[in-house]
Amino acid sequence: MGTDLHELLRSLRVWDPAVTELRPFDPATAPAEPLALFTAWFAEAVAAGQREPHTMSLATADADGRPDVRTVMLHGADADGWTFATHGSSRKGRQLAGRPYAALGFYWPALARQVRLRGPVTTAPSAESQGDLHARSTGALAAALTGRQSEVLGSVEELARASQAAWERAQQEPDAPVPTWTLYRLHPEEAEFFQGDERRRHVRLNYRWGDGGWERELLWP
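Since we're looking at a predicted model, the values are computed, not measured. (Residues numbered from 1 in each chain as written. Predicted model: local features only at pLDDT ≥ 70, side-chain atom pairs only at ≥ 80, totals over all residues. Heavy atoms only, no water.)

Student: What is the right way to read the pattern of salt bridges from this model?
Tutor: Once the charged atoms of two side chains with opposite charge are near each other, the side chains can pair. The full count for this structure, using the stated rule, is 16 salt bridges. With a shortest N-O distance of 2.9 Å, Asp 62 and Arg 66 are connected by a salt bridge. Here Glu 190 ties to Arg 118 by a salt bridge, and the two come within 2.8 Å at their closest N and O atoms. Remark: Arg 118 occurs in strand S6 (residues 113-123) and Glu 190 occurs in strand S8 (residues 190-195); sequence separation between them is 72 residues. Given the relative accessible area of 23%, Glu 190 is considered partly exposed. When salt bridges with common partners are traced through the structure, they connect Glu 21, Arg 23, Glu 44 and Arg 113 into a single cluster. (Salt bridge = Lys/Arg side-chain N within 4 Å of Asp/Glu carboxyl O. Helix = DSSP H or I, 4+ residues; strand = E, 2+ residues; numbered from the N terminus. Buried < 20%, exposed > 50% of the residue type's maximum accessible area, 1.4 Å probe, protein only.)

Quick look at the structure:
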């Protein structure tokens, strides 16, 4: 007997007090720019035991303007932007080449918080991209060496063979170059911080870049 999706959905609840802490958030005390608030919220998510807080949704658009989204890993965030990496030849790499604009979404249910950013995306120099890759694990290098991301795969056996060869090379050549590996930076023009509230009086603080500085505004939930 199959699972009834609708019944299952109706049985679910969000922000269970047993696992979620709904913290007060006074936007009047927020810093003047989003990076400082993001850094503080990220640290609080880690301290609260949020699993994989560095994973985020990356939304791009193809040549026809149709949206696409997937989960990727945050590699860093500083005054130059929020960084992530992928093969320039992958689907998202090709989409970013054609339309260098994207959105990022973080969700930390342990604290009922979301962060949304969107803005133009640029690529880092090749040397910086390779340095980012080689600072990661052997498995990350092996995956990058396997390559052909987003291409049609003939069989799982084909993947197993290519992956095994890539692992062996990654172990023997920890500095092996992967020319297609690219580090991307999203430079936010907007950054929204969402704090959930038990009575659904959610706080939404939005930063917008304009006239050479950050402007802040509250949004209705």
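Picking up where we left off.
Student: I tried to follow the layout of surface pockets on my own but got confused; where do I start?
Tutor: Unoccupied space between atoms shows up once a probe the size of one water molecule is rolled over them. Of the volumes computed, that of the largest pocket is approximately 280 Å³. Ala 85, Arg 136, Ala 143, Gln 149 and Trp 181 are the residues nearest the centre of the largest pocket, which is lined by 16 residues in total. Counting residues per element, the ones that place at least two in the lining of the largest pocket are strand S2 (67-73), strand S4 (81-87) and helix H5 (138-146). Considering every element that reaches the lining of the largest pocket, the biggest residue donor is H5, with four residues. Broken down by class, the residue content of the lining of the largest pocket amounts to seven nonpolar, seven polar and two charged. (1 Å grid on protein atoms, 1.4 Å probe; cavity = no way out; pocket = protein on both sides within 12 Å on 5 of 7 lines; lining within 4 Å. Points joined across faces, edges and corners; volume = space filled by probe spheres on them. Nonpolar A, V, L, I, M, F, W, Y, C, P; charged D, E, K, R; others polar.)

Student: What is the right way to read the pairing of S4 from this model?
Tutor: Consecutive side chains along a regular strand alternate between the two faces of the sheet. Judged by how many residues are buried, S4 sits mostly within the fold: seven of seven residues are covered. As defined by bridge partners, S4 adjoins strand S7 (residues 181-186) across six bridges and the pair is classed as antiparallel. By the bridge assignment for S7, Ala 85 is matched with Leu 183. (Pairing = 2+ DSSP bridges.)

Student: How should I be thinking about a nonpolar patch on the surface in this particular structure?
Tutor: On the surface, a cluster of nonpolar side chains totalling about 390 Å² of accessible area is made up of Leu 5, Leu 8, Leu 9 and Leu 12. Its location among the elements puts Leu 8 in helix H1 (residues 5-11). (Patch = residues over 30% accessible without salt bridge, like charges linked within 9 Å, V, L, I, M, F, W, Y side chains within 5 Å. Areas by Shrake-Rupley, 256 points an atom, 1.4 Å probe, with all protein chains shown as cover.)

Student: Just checking my understanding: could you explain the nonpolar core for this structure?
Tutor: Nonpolar side chains in soluble globular proteins generally cluster together in the buried interior. By size, the foremost hydrophobic cluster in this structure holds 27 residues, and its most contacted members are Phe 84 and Phe 106. Secondary structure elements with two or more residues in this core: helix H2 (34-47), strand S1 (55-61), S4, strand S5 (101-108), S6, S7, S8 and strand S9 (203-210). Apart from residues no more than four positions distant in its own chain, Phe 84 is found in contact with Met 56, Leu 58, Val 72, Met 73, His 75, Leu 96, Leu 104, Val 121, Thr 182, Leu 183 and Tyr 184. Counting residues in each nonpolar core, the second largest holds 13 residues, with Ala 124, Leu 133, Ala 144 and Trp 181 among its members. (Core = buried A, V, L, I, M, F, W, Y, C linked by side-chain atoms within 4.5 Å. Contact = heavy atoms within 4.5 Å.)

Student: Sorry, what's going on with the packing of H5 against helix H6 (residues 156-172) here?
Tutor: Angle between the axes and distance between the axes are the two parameters that describe a pair of packed helices. One way to put it is that H5 packs onto H6 with a least axis distance of 8 Å and a crossing angle of 130°. What the angle tells us is that H5 and H6 run oblique. As for how H5 packs across H6, the hand of that crossing is right-handed. Where H5 approaches H6, its residues Thr 138, Gly 139, Leu 141, Ala 142, Leu 145 and Thr 146 are matched on the opposing element by Leu 159, Ala 162, Ser 163, Ala 166, Trp 167, Arg 169, Ala 170 and Gln 171. Class assignment for the residues of the contact of H5 with H6 results in eight nonpolar, five polar and one charged. (Axes fitted to C-alpha atoms, helices over the stretch in contact; angles between N-to-C directions. Parallel < 35°, antiparallel > 145°, perpendicular 65-115°, else oblique. Left-handed = near helix turned anticlockwise from the far one by under 90°.)

Student: Where do I start with helix H3 (residues 91-98) in this structure?
Tutor: Because each turn of an α-helix spans 3.6 residues, side chains separated by three or four positions end up pointing in the same direction. Listed in full, the buried residues belonging to H3 are Lys 92, Gly 93, Gln 95 and Leu 96. All buried residues of H3 fall inside an arc of 165° around its axis, so they share one side. Facing away from the buried side of H3 by over 90 degrees, the exposed positions are Ala 97 and Gly 98. Among the structural elements, S1, S2, S4, S5, S6 and S7 are those in contact with the buried residues of H3. (Arc of directions from axis to C-beta.)

Student: Is there a simple way to explain the packing of aromatic side chains in this structure?
Tutor: When we look at a pair of aromatic rings, we describe it by the centre distance and by the angle of the planes. The full count for this structure, using the stated rule, is 13 aromatic pairs. Centroid distance Phe 193 to Tyr 207: 5.7 Å. Interplanar angle 75°. Geometry classified as edge-to-face. Separated by 14 residues along the polypeptide, Phe 193 in strand S8 and Tyr 207 in strand S9 bring together distant segments of the chain. The buried category is assigned to Tyr 207, whose relative accessible area is 0%. Linked through ring pairs, Phe 25, Trp 41, Phe 193, Tyr 207, Trp 209 and Trp 214 together constitute an aromatic cluster. The residue whose ring lies beneath Arg 113 is Trp 41, and the NZ or CZ to ring-centre distance is 4.2 Å. (Phe/Tyr/Trp six-rings, centres within 6.5 Å; stacked < 30°, edge-to-face > 60°. Lys NZ or Arg CZ within 6 Å of the ring centre and 35° of its normal.)

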